[in-house]
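# What the coordinates show
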Amino acid sequence: MSYEIPAEWLPSAREVLALIGGWGAGIVTTYFTERSRQAAIKAGFADIIAQEAQKAHAQEKGKRLATAEDVSALAREIAQARQIESVKASTAYQRWLQECIRNERRADYVAVTKSLKELIQALQVVNRDEEEALQ
């Protein structure tokens with residue numbers, strides 16, 4: 001049995017082409033829309049990667065700057081410590097020098113006292129001898 005489709009049910013050539021064209025345009029539009037979306041995603045990733053690279057660079061620069069500031073602060077502290085040690089050494093030297101002078105003076109005073117004692121004893125002997133000679 002064969003069925004015949006009535007002619008009014010069949011689409012015209014123009015309708016068939018419009019239908020195929022619509023699908024083709026939809027396919028082409030979908031293809032290019034998908035490509036545009038993928039390109040936008042790639043561009044977005046590129047922007048994110050660039051931003052992260054800039055962020056990492058800024059962090060590394062900050063670390064280096066902080067390290068440079070730390071080195072500067074450490075250099076200032078070392079200079080200050082050296083200055084303090086210099087003052088301490090100078091003060092210690094002055095104390096040592098004063099102690100040496102005191103010790104020398106003490107030794108001189110002891111020597112003078114000893115000499116005076118000997119002189120007094122010698123004078124007493126001379127004085128005794130003179131008294132004995134006078135008697």
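Going along each chain's sequence as written, the residues are numbered from 1 onward. For this predicted model, a pLDDT threshold of at least 70 governs which residues receive local features, and a threshold of 80 or more governs which side-chain atom pairs are given and counted, while totals over whole chains, interfaces and linings are taken from all residues. Calculated side-chain values reflect all of the structure's heavy atoms, with hydrogen atoms and water omitted.

## Things to note about the overall build of the protein chain
For the protein chain, the helix and strand inventory stands at one helix and zero strands. The rule is simple: take the accessible area with a 1.4 Å probe, protein chains only, and divide by the maximum for that residue type; under 20% is buried, over 50% is exposed, in between is partly exposed. Relative to its full complement of 135 residues, the protein chain shows a buried share of 0%. Note that accessible areas follow from Shrake-Rupley with a 1.4 Å probe, and for residues the cover is restricted to the protein chains shown. When the accessible surface of the protein chain is split by element, carbon and sulfur atoms take 61% of a total near 12,700 Å². Secondary structure is summarised from DSSP: a helix means a run of H or I of at least four residues, a strand means a run of E of at least two, and numbering begins at the N terminus for each.

## Some thoughts on the pattern of salt bridges
Each reported salt bridge corresponds to a side-chain nitrogen of Lys or Arg within 4 Å of a carboxyl oxygen of Asp or Glu. Scanning the model with the defined rule gives one salt bridge in all. As a salt-bridge pair, glutamate 85 and lysine 88 come within 3.7 Å of each other at their nearest N and O atoms. Placement of both glutamate 85 and lysine 88 in helix α1 (residues 13-134) is noted, with a separation of three residues, approximately one turn of the helix.

## Quick notes on a negative patch on the surface
Exposure above 30% relative accessible area and no salt bridge define the residues that can form patches, which grow by joining like charges within 9 Å and nonpolar side chains of Val, Leu, Ile, Met, Phe, Trp and Tyr within 5 Å. Charged residues are defined narrowly, with Lys and Arg counted positive, Asp and Glu counted negative, and His plus the chain ends left uncounted. A charge is said to be at NZ when it belongs to Lys, at CZ for Arg, at CG for Asp and at CD for Glu. A cluster of acidic residues, Asp129, Glu130, Glu131 and Glu132, forms a negative patch on the protein surface. By the secondary structure assignment, glutamate 132 is in helix α1.

## Section: a nonpolar patch on the surface
On the surface, Ile41, Phe45, Ile48 and Ile49 cluster together into a nonpolar patch covering about 400 Å² of accessible area. In this fold, isoleucine 49 is placed in helix α1.

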